[in-house]
Amino acid sequence: QQQVKQSPQSLIVQKGGISIINCAYENTAFDYFPWYQQFPGKGPALLIAIRPDVSEKKEGRFTISFNKSAKQFSLHIMDSQPGDSATYFCAARRGQDYKLSFGAGTTVTVRA
Amino acid sequence: ETGVTQTPRHLVMGMTNKKSLKCEQHLGHNAMYWYKQSAKKPLELMFVYNFKEQTENNSVPSRFSPECPNSSHLFLHLHTLQPEDSALYLCASSQDSRAGPYEQYFGPGTRLTVT
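Everything quoted here is computed from the prediction, not taken from an experiment. (Residues numbered from 1 in each chain as written. Chains lettered and ligands numbered in written order. Predicted model: local features only at pLDDT ≥ 70, side-chain atom pairs only at ≥ 80, totals over all residues. Heavy atoms only, no water.)

Trainee: Please clarify how the overall build of chain B should be interpreted in this entry.
Mentor: A tally of regular secondary structure across chain B gives zero helices and 11 strands. The linear arrangement of helices and strands in chain B, starting from the amino end, is β-β-β-β-β-β-β-β-β-β-β. The C-alpha atoms of chain B give 13 Å as radius of gyration, which agrees with the globular expectation for 115 residues (13 Å, within 12%). With the principal axes as the frame, chain B shows a C-alpha extent of 40 × 30 × 30 Å. (Helix = DSSP H or I, 4+ residues; strand = E, 2+ residues; numbered from the N terminus. Rg over C-alpha atoms; globule rule 2.2 N^0.38 Å.)

Trainee: Would you take a moment to explain the pairing of strand β6 (residues 53-57) of chain B for this structure?
Mentor: Along a regular strand, successive side chains alternate from one face of the sheet to the other. All names here are of chain B. Of the pairings in the sheet, the one linking strand β5 (residues 44-50) to β6 comprises four bridges and is antiparallel in character. The residue of β6 that forms the bridge with Tyr 49 is Gln 54. Linkage of β5 to β6, two consecutive antiparallel strands, is achieved through a turn of two residues, within which Phe 51 is found at a positive phi near 50°. (Pairing = 2+ DSSP bridges.)

Trainee: What am I meant to see in the side chain of Glu103(B) here?
Mentor: Following the sequence through the fold, Glu103(B) ends up in the loop between β9 (87-94) and β10 (105-106). There is no salt bridge for the buried Glu103(B), and the closest opposite charge comes from Arg93(A), which lies 4.2 Å off by N-O distance. Of the polar contacts made by the side chain of Glu103(B), one reaches the side chain of Tyr32(A); its length is 2.4 Å. Apart from the residues within four sequence positions on either side, Glu103(B) is in contact with Tyr32(A), Tyr36(A), Leu46(A), Arg93(A), Ser93(B) and Ser94(B). (Buried < 20%, exposed > 50% of the residue type's maximum accessible area, 1.4 Å probe, protein only. Lys, Arg positive; Asp, Glu negative; His and termini not counted. Salt bridge = Lys/Arg side-chain N within 4 Å of Asp/Glu carboxyl O. Polar contact = N/O pair within 3.5 Å; in protein donor to acceptor, adjacent residues only side chain to side chain. Contact = heavy atoms within 4.5 Å.)

This is the structure in structure tokens:
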């Protein structure tokens, strides 16, 4: 059973545009929601993360929006650049054992 | 070397071969993890070691056998694999898998192809 559902599977955006990736979860035991960025030939790297007591977190051009009542969270990439082309994974971590559950990933392609 | 390193980066093996994947972390961490990454699927946690003790085996088939001789090294021994085992195998480490919400740091992975 997939605990974190991620969409879309892939997206293409023009340089300067906004990329939006959505994730949804069911388990209310999740208490921490990180996003990972993975470039080809590399392992995933933590990009930005949020806790459910916060509705939005921004770091540079990357923003997480969190809707606790809807059990949904999303990543917005503002002013997308070709260097942002990568696969993005959302994840959720259980508070009692710190296990991470990952979404299936979204491949973002930014066209110059 | 810095961070988490994995060797080999690519491996092609037949179904009757025996091979091993190696992971080494240079971060002073005490927990190490093996994940399987298949195309268009979520990362699947396979094994967790904390202070050299295996604390998680996520119903992984016995043809995968992990070994953690110390907190810096982790191996995944492979034998009689199936074509569906072809995937990217990622190693990760963190400060401690049980005592706190520490971040996991991933290696670049070993791309395994079973023929």
